[in-house]
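One-letter residues, chain by chain:
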Amino acid sequence: MIPPIRDLDDLKTFVFVVQDRSFTQVAARLGVTKAAVAKRIQGLEKLWNTQLFYRNTRKVIPTREADLIFQKVIAVIESVKELENSLTSKDELEGTLRVTCVSSMSKNFVSEIIEKFQEQNPRITIQLIVTDSLLDLMEESIDIGIRVGTDVPSGLVGTELFKNRISIVASPLYLETKGKILTPKDLEKHNLLYLDLHKTIQFTGTNLSLSDVTKKRTFLSNDAASLVQMGLKGKGVLIRSFWDIEEYLQEGKLVSILTDKTLENFGSVWVIHPSNRTPSRRMMVFRNFLESECSLRFNQ
């Protein structure tokens, strides 16, 4: 549902009511009467033919329709800000960016890159949506997604950040007690810790896949963080994307094995955005910053 654009002050009032859950607070924020706020909301409800809020004596609560409309209205307001900035030739970027990625990416590099970006662009607000679900960027009004894949999905524009290399590692204690692992076939004797989506990856130069050498898995999980913790505790051989374990490799808590018989890459890590939306200047600057930081860190 895309609301028709009308008076920008009405849209701002709607956003503030969603955020503050109070007509009284929004009235004070805008310097108008509570009745004026209520009138604007009623006008929007009539225009969009839907109830936007449940009202009681203490607060107002957005309806599901209001929650769905909210991000679209935010996008409209941000677009107006972007236009104003371009017309007044402002050098300093400002506004909001909505970014999404999986939790392991957020923990290992995305949050750090966002922090560095905001140090250079203090007027940019970034909403980081961390989820292991694949969100519809257009439906959720998300500016940028960071994802693993073999290619860019239809309807999106993407740039490859780096190859998603898959590493085979174990803790030093595990290797001391379980012995050396010299060939892929040796993995048949070990508890393997990996995500199911990686089981078809082949060892380079062979017809052997990870599933072919999997004879023992005593812990299965769709949560990468849990698998990493098991690997750190010496519970098995860990197979993970290199960027998720590089910190532990550098600290010596994990050791690479089978470095001469590596697994093939599992796609690449991409930065993507909707193709039907003209990128804002702040989005393009952030995307370029992300590409540069990832290139320095991962493409050496």
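Just so it is clear, the structure is predicted and the values come from calculations on it, not from any experiment.

1. Thoughts on the overall build of the protein
Okay, so step 1: Along its length, the protein carries 9 helices and 11 strands.
Okay, so step 2: In terms of C-alpha radius of gyration, the protein reaches 25 Å, well past the compact-globule figure of 19 Å for 300 residues.
Okay, so step 3: Its C-alpha atoms give the protein principal-axis dimensions of about 75 × 45 × 35 Å.
Okay, so step 4: For the protein, the residues scored as buried account for 45% of the 300 residues in total.
Okay, so step 5: As displayed, the protein offers around 15900 Å² of accessible surface, 49% of which is attributable to carbon and sulfur atoms.
Okay, so step 6: Both charge centroids of the protein, one from 40 positive and one from 37 negative side chains, sit 5 Å from each other.

2. What about the packing of aromatic side chains?
When we look at a pair of aromatic rings, we describe it by the centre distance and by the angle of the planes.
Okay, so step 1: Here the structure, examined in full by the defined rule, presents 10 aromatic pairs.
Okay, so step 2: The ring centre of Phe-16 lies 3.8 Å from the NZ or CZ of Arg-29, which sits over that ring.
Okay, so step 3: Over the aromatic face of Tyr-194 sits the side chain of Arg-217, whose NZ or CZ is 4.0 Å from the ring centroid.

3. Focus on helix H5 (residues 103-120)
Okay, so step 1: Counted at 1.5 Å a residue, the expected span for H5 with its 18 residues is 26 Å, and the 24 Å between its end C-alpha atoms agrees.
Okay, so step 2: At Phe-109, H5 shows its largest kink, close to 50°.

4. Overview of the sheet that holds strand S8 (residues 192-193)
Okay, so step 1: The mixed open sheet is built from 4 strands, whose spatial order is S8-S9-S7-S10. Of all the strands in the sheet, the pair left with one neighbour each is S8 and strand S10 (255-256).
Okay, so step 2: Here 2 bridges tie strand S7 (residues 166-170) to S10, and the two strands are oriented antiparallel to one another. The residue of S10 that forms the bridge with Ala-170 is Val-255.
Okay, so step 3: Of the strands in this sheet, S8 and strand S9 (237-241) touch helix H7 (residues 224-232), which is tilted by about 140° from S9.

5. A word on the nonpolar core
Okay, so step 1: Core analysis: the biggest nonpolar cluster contains 26 residues, and Phe-109, Ile-146 and Phe-162 have the highest contact counts within it.
Okay, so step 2: Looking at this core, the elements with two or more residues in it are strand S3 (95-101), H5, strand S4 (124-130), strand S5 (144-149), strand S6 (156-163), strand S11 (268-274) and helix H9 (281-298).
Okay, so step 3: With 23 residues, the next largest nonpolar core counts Leu-11, Val-18, Val-26 and Val-37 among its residues.

6. Some thoughts on the pattern of salt bridges
Okay, so step 1: All chains considered together, the criterion is met by 13 salt bridges.
Okay, so step 2: Its salt-bridge partner being Arg-55, residue Glu-45 comes within 3.2 Å of it at the nearest N-O pair. Of the two residues, Glu-45 sits in helix H3 (residues 34-48) while Arg-55 sits in strand S1 (residues 53-55), which places them 10 residues apart along the sequence.
Okay, so step 3: Of the residues examined, Glu-45 reaches a relative accessible area of 13% and is grouped as buried.
Okay, so step 4: The exposure class of Arg-55 is partly exposed, given its relative accessible area of 40%.
Okay, so step 5: Asp-244 is paired through a salt bridge with Arg-240; the nearest N and O atoms lie 3.0 Å apart. Accessibility assignment for this pair places Asp-244 and Arg-240 in one class, buried.

7. Details of the pairing of S7
Okay, so step 1: The element S7 is largely enclosed, with a buried count of 5 among its 5 residues.
Okay, so step 2: Residues of S7 alternate between two faces, with Ile-166, Ile-168 and Ala-170 on one and Ser-167 and Val-169 on the opposite face, all of them buried.
Okay, so step 3: Where S7 and S9 come together, 4 bridges link them in antiparallel fashion. What sits directly across from Val-169, in S9, is Leu-238.

8. A word on the packing of H5 against H9
Okay, so step 1: Two elements in contact, H5 and H9, have axes separated by 10 Å at closest approach and are oriented at 125°. Taken as axis vectors, H5 and H9 run oblique relative to one another. Crossing geometry of H5 relative to H9 is assigned as right-handed. When H5 is examined against H9, the residues Asn-108, Phe-109, Glu-112, Ile-113, Ile-114, Lys-116, Phe-117 and Gln-120 are found in contact with a partner set consisting of Arg-282, Val-285, Phe-286, Phe-289, Leu-290, Glu-293, Cys-294, Arg-297 and Phe-298.
Okay, so step 2: The residue inventory of the contact of H5 with H9, partitioned by class, reads 10 nonpolar, 2 polar and 5 charged.

Conventions we followed
Residues numbered from 1 in each chain as written. Predicted model: local features only at pLDDT ≥ 70, side-chain atom pairs only at ≥ 80, totals over all residues. Heavy atoms only, no water. Helix = DSSP H or I, 4+ residues; strand = E, 2+ residues; numbered from the N terminus. Rg over C-alpha atoms; globule rule 2.2 N^0.38 Å. Buried < 20%, exposed > 50% of the residue type's maximum accessible area, 1.4 Å probe, protein only. Areas by Shrake-Rupley, 256 points an atom, 1.4 Å probe, with all protein chains shown as cover. Lys, Arg positive; Asp, Glu negative; His and termini not counted. Charge placed at Lys NZ, Arg CZ, Asp CG, Glu CD. Phe/Tyr/Trp six-rings, centres within 6.5 Å; stacked < 30°, edge-to-face > 60°. Lys NZ or Arg CZ within 6 Å of the ring centre and 35° of its normal. Expected span 1.5 Å × (residues − 1). Bend = angle between axes of the 7 residues up to and from the residue. Pairing = 2+ DSSP bridges. Contact = heavy atoms within 4.5 Å. Axes fitted to C-alpha atoms, helices over the stretch in contact; angles between N-to-C directions. Core = buried A, V, L, I, M, F, W, Y, C linked by side-chain atoms within 4.5 Å. Salt bridge = Lys/Arg side-chain N within 4 Å of Asp/Glu carboxyl O. Parallel < 35°, antiparallel > 145°, perpendicular 65-115°, else oblique. Left-handed = near helix turned anticlockwise from the far one by under 90°. Nonpolar A, V, L, I, M, F, W, Y, C, P; charged D, E, K, R; others polar.

Treat this as a map of the structure, not an account of what it does.
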